[in-house]
Amino acid sequence: MSAVAILGSSRADGETARLLDAVLTHLPDTERVDLSSLRIGPYSYEHAHKDDDFLPLARAMLKARAIVLASPVYWYSMSAQMKTFFDRLTDITDPPYKTIGKQLAGKTLFTVATGGVPEAPDSFIHPFEDTAGYFNMRWGGMLYRRGSGELSDEDRLAARTFAKEIAAV
């Protein structure tokens, strides 16, 4: 698998999903995962949720060269689903799952986002970029779209160009 795309949105068919799907149309060897369809509990120091869907998803990320995280911009930040996923990344930074986190090194992390402002705020971008750095992954960048409604020809061209960047890793 060339990439795994993880959607964190309250709407499986919303703006972010549409933009992500426009990218994935050009990446046939990609697994698409909707966080809302998974059972992922909050981070627990005692690993209370070790039997939920997070660890299988983390292991699936190891099979891909690129990881694409997609979230709408909510209140200058990522969605609640994506934030829970990010919090759970802590599970793979300590024993007994630290080896999973170490194996992310060298992969490339990309982000797809939508929102109502002209540009995604830095407060949205930094957690994605900084997380890539923390796991010794390359930061591949972000595709952002403002607005709602049908994707324009310009949006579709941007999605195709972004897909080429993902495929190149």
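Structural data are supplied above this passage.
Colleague: Got a sec to walk through the environment of Ser-2? Specific residues and values, please.
Modeller: Within the secondary structure layout, Ser-2 lies in the segment before strand S1 (3–7). Linking Ser-2 and Ile-67, residues 65 residues apart in sequence, is a C-alpha distance of 8.8 Å. In this view, Ser-2 contacts Asp-29, Thr-30, Ala-64, Arg-65 and Ala-66; residues no more than four positions away in its chain are not counted.

Colleague: So what's going on with helix H5 (residues 122–134)? Which residues, and what values?
Modeller: In a regular helix each residue adds 1.5 Å, so 13 residues correspond to 18 Å; H5 covers 18 Å between its end C-alpha atoms and thus fits that length. The complete set of buried residues in H5 reads Phe-124, Ile-125, Phe-128, Thr-131 and Ala-132. Down the axis of H5, the buried set is contained in an arc of 135°. They therefore lie on one face. Facing away from the buried side of H5, by more than 90 degrees, are the exposed residues Asp-122 and Tyr-134. Considering only its buried residues, H5 is in contact with strand S3 (66–72), helix H3 (80–88), strand S4 (108–115) and strand S5 (138–146). At the C-terminal side of H5, Asn-136 shows a positive phi close to 60°.

Each value, and the rule that gives it
Residues numbered from 1 in each chain as written. Predicted model: local features only at pLDDT ≥ 70, side-chain atom pairs only at ≥ 80, totals over all residues. Heavy atoms only, no water. Helix = DSSP H or I, 4+ residues; strand = E, 2+ residues; numbered from the N terminus. Contact = heavy atoms within 4.5 Å. Expected span 1.5 Å × (residues − 1). Buried < 20%, exposed > 50% of the residue type's maximum accessible area, 1.4 Å probe, protein only. Arc of directions from axis to C-beta.

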